[in-house]
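Inside the fold
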Amino acid sequence: MANLGVEHWVRIKNGRIILDGEVIFSSEENIARFLKASFKFLNIKYPKFHKMDRLSKLGFIASEIVLKNNNIDEETALVFSNNSSSLDSDQNYQESVKDFPSPSLFVYTLPNIVLGEISIRYQLKSENVFFIEDEFNANLLIDYSKQLIESKKANKVLCAWLNLHNDEYDVFLWLSSESHKKEASEEQIRKIYDADYD
């Protein structure tokens, strides 16, 4: 079985962006303004960002931080999960139906759309999956990633817990690759996820 190591990780929660344990950005604004400010702070040039739903924006920003300066190829897989699916966009779309259904909102009524947005940005032609779980399940993401790498379907895997509901967001994203050094265990991943960065 392959040993997976964590190359880099990012945590986005409570108005903070933490990269590999260091706070790189913070803002006490609401989620819409936080996303806009994060995008500006990171100096991302990608006009399509402004048309995305909030779940996709969170995933896009997190992946941009981790992938921007890393050596990845089109076989980098995406393994994401959350417990609210695309409920945030679903509720917004439901509201729009009262007047006139919004096609631009309807596009985002699947959680895996964020995978497509990231794949387009980084020209990925890889395996991808979006699991719906009751809570963050590090073991599922690690095991699935190992299978992808062992079966040669991916060289690296971008894993994420990407949750958004009622304006509360909880993002943990990391880049895994085969490592001959220390293996990233479920315990280590949980430790990063559970840490208090306040």
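Our structure's up above, just so we're on the same page.
Residues numbered from 1 in each chain as written. Predicted model: local features only at pLDDT ≥ 70, side-chain atom pairs only at ≥ 80, totals over all residues. Heavy atoms only, no water.

1. A look at the pattern of salt bridges
For the structure shown, the criterion picks out seven salt bridges. Across the pair Glu74 and Lys125 runs a salt bridge whose closest N-O atoms are separated by 3.8 Å. One end of the pair, Glu74, is in the loop between helix 2 (54-67) and strand 4 (77-82); the other, Lys125, is in the loop between helix 5 (113-122) and strand 5 (128-132), with 51 residues separating them in the sequence. For Glu74, a relative accessible area of 37% gives the class partly exposed. Asp194 is the partner of Arg190 in a salt bridge, and the nearest nitrogen-oxygen pair spans 3.0 Å. Taken as a pair, Arg190 and Asp194 lie in helix 7 (residues 186-194) at a separation of four residues, close to a single helical turn. Assessed through its relative accessible area of 25%, Arg190 is described here as partly exposed. (Salt bridge = Lys/Arg side-chain N within 4 Å of Asp/Glu carboxyl O. Helix = DSSP H or I, 4+ residues; strand = E, 2+ residues; numbered from the N terminus. Buried < 20%, exposed > 50% of the residue type's maximum accessible area, 1.4 Å probe, protein only.)

Interpretation in functional terms is not warranted from these geometric data alone.
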